[in-house]
Amino acid sequence: MTNFKCVSDNPAAAWIKDWTGTVRVETFEALSCAKERAEECAREHKACQDFFDWSRPEASLPTRLIDCSDLLHPRIVTTENMDPTREQYVVLSYVWGGEQPNRTTVKNLPVYMKGIDVTLLPNNIVDAIRVTHALGIRYLW
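Described below are features of the structure shown in this document. Since this is a predicted model, take the numbers as computed values, not measurements. For every chain, the first residue of the written sequence is number 1, and numbering continues from 1 along that sequence. Since the coordinates come from a predicted model, pLDDT governs what is reported: local features require at least 70, and pairs of side-chain atoms require 80 or more to be given and counted, while whole-chain, interface and lining totals use all residues. Water and hydrogen atoms play no part in the side-chain values, which are based on all heavy atoms of the structure.

## Let's talk about the overall build of the protein
Turning to step 1, where the next piece is worked out: The number of helices and strands found in the protein is 4 helices and 6 strands.
Turning to step 2, where the next piece is worked out: In sequence order, the protein lays out its α and β elements as β-β-α-α-β-β-β-α-α-β.
Turning to step 3, where the next piece is worked out: Considering only residue pairs separated by 6 or more positions, the protein has 56% of its internal contacts joining residues 24 or more positions apart.
Turning to step 4, where the next piece is worked out: Where accessible areas are quoted, they stem from the Shrake-Rupley method and a 1.4 Å probe; at the residue level, only the protein chains shown are allowed to cover. Entry remark: accessible area of the protein is about 10,100 Å², with carbon and sulfur atoms responsible for 56%. Numbering of helices and strands runs from the N terminus, with a helix taken as a DSSP run of H or I at least four residues long and a strand as a DSSP run of E at least two residues long. Whether two residues are in contact is decided by their heavy atoms: any pair within 4.5 Å suffices.

## Considerations on the layout of surface pockets
Turning to step 1, where the next piece is worked out: Throughout, the protein atoms alone are placed on a 1 Å grid, and a set of points is a cavity if a 1.4 Å probe fits but cannot get out or a pocket if it is open with protein on both sides within 12 Å along at least five of seven lines; lining residues have an atom within 4 Å of a point. Grid points are joined across faces, edges and corners, and a volume is the space filled by probe spheres set on the points. Approximately 640 Å³ is the volume attributed to the second largest pocket.
Turning to step 2, where the next piece is worked out: Together, 22 residues line the second largest pocket, and Ile66, Tyr94, Trp96, Thr104 and Ile125 are the ones closest to its centre.
Turning to step 3, where the next piece is worked out: Ranked by residue count, the leading element in the lining of the second largest pocket is strand S3 (residues 64–67), at 3 residues.
Turning to step 4, where the next piece is worked out: Residues of the lining of the second largest pocket, tallied by class, amount to 16 nonpolar, 4 polar and 2 charged. Each residue is assigned to one of three groups, with Ala, Val, Leu, Ile, Met, Phe, Trp, Tyr, Cys and Pro labelled nonpolar, Asp, Glu, Lys and Arg labelled charged, and all others, Gly among them, labelled polar.

## Looking at the sheet that holds strand S6 (residues 139–140)
Turning to step 1, where the next piece is worked out: Here 4 strands make up an open sheet; going across it, the order is S4-S3-S6-S5 and the pairing mixed. Each edge of the open sheet is held by one strand with a lone partner, namely strand S4 (75–78) and strand S5 (89–90).
Turning to step 2, where the next piece is worked out: Pairing analysis gives 2 bridges linking S5 to S6, with the strands arranged parallel. Note on S6: the bridge partner recorded for tyrosine 89 is tyrosine 139. When DSSP finds two or more bridges between a pair of strands, those strands are recorded as paired.

## Observations concerning the nonpolar core
Turning to step 1, where the next piece is worked out: Definition used in this section: a nonpolar core is a set of buried Ala, Val, Leu, Ile, Met, Phe, Trp, Tyr and Cys residues joined via side-chain atoms within 4.5 Å. Exposure categories follow from relative accessible area, calculated using a 1.4 Å probe and restricted to protein chains: below 20% of the type maximum is buried, above 50% is exposed, and the middle band is partly exposed. Residues Ile66, Cys68, Ile76, Leu109, Tyr112, Ile116, Leu121, Ile125, Val126, Ala128, Ile129 and Leu140 constitute the largest nonpolar core, which totals 12 residues.
Turning to step 2, where the next piece is worked out: Contributions of two or more residues to this core are made by helix H3 (109–114) and helix H4 (123–134).
Turning to step 3, where the next piece is worked out: Residues contacting isoleucine 129, with those up to four places away along its chain left out, are Ile66, Cys68, Leu71, Pro74, Leu121 and Leu140.
Turning to step 4, where the next piece is worked out: Counting 6 residues, the second largest nonpolar core, distinct from the first, contains Leu65, Val77, Met82 and Tyr89.

## Looking at the side chain of asparagine 108
Turning to step 1, where the next piece is worked out: Positionally, asparagine 108 belongs in the loop between S5 and H3.
Turning to step 2, where the next piece is worked out: A distance of 2.7 Å separates the side chain of asparagine 108 from the backbone nitrogen of threonine 105, its partner in a polar contact. For the purposes of these results, a polar contact is taken to be a pair of N or O atoms within 3.5 Å, where, inside protein, one atom must be able to donate a hydrogen and its partner to accept one; residues adjacent in sequence count only when each atom of the pair is a side-chain atom.

## Observations regarding H4
Turning to step 1, where the next piece is worked out: How far a helix is expected to stretch is found by multiplying one less than its residue total by 1.5 Å. Here H4 spans 16 Å end to end across 12 residues, near enough to the 16 Å set by a 1.5 Å rise per residue.
Turning to step 2, where the next piece is worked out: Turning to H4, its buried residues number three or more, namely Ile125, Val126, Ala128, Ile129 and Thr132. The buried residues of H4 occupy an angular sector of 160° when the element is viewed end-on, so they sit on one face.
Turning to step 3, where the next piece is worked out: Those residues of H4 that are buried are in contact with S3, S5 and S6.
Turning to step 4, where the next piece is worked out: In the segment just after H4, glycine 136 is the residue with positive phi, at about 80°. To obtain the arc, one takes the directions from the helix axis to the C-beta atoms.

Below is the structure:
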């Protein structure tokens, strides 16, 4: 177990309570904590309630998402026929750190829409797919 503390120079610190957590994202405790924090955020914070209000007219979806419903065969889906007021997705934000050999391109999009070989993906994306699935959310952006 590692103690995570809010850091005063972190802009997100005002929104995060001090807590003791784990660095192993796949543990039941970590996933339960993440789900509990997201639900608390959507329930108790006015700004978050506005953000999570998918019924607002300007609600939209990214052009493509990763369908994480099958952990062994995640795939890219297009969202043009999806209802943004009904679909939820998790966002992974990270620094690529240079050229990515398996990024989505026009050339490989049809293959990735059939399925993505997870053995070719970096660990952070595989972890994000697993966490998205474990949280009961189908899509990852």
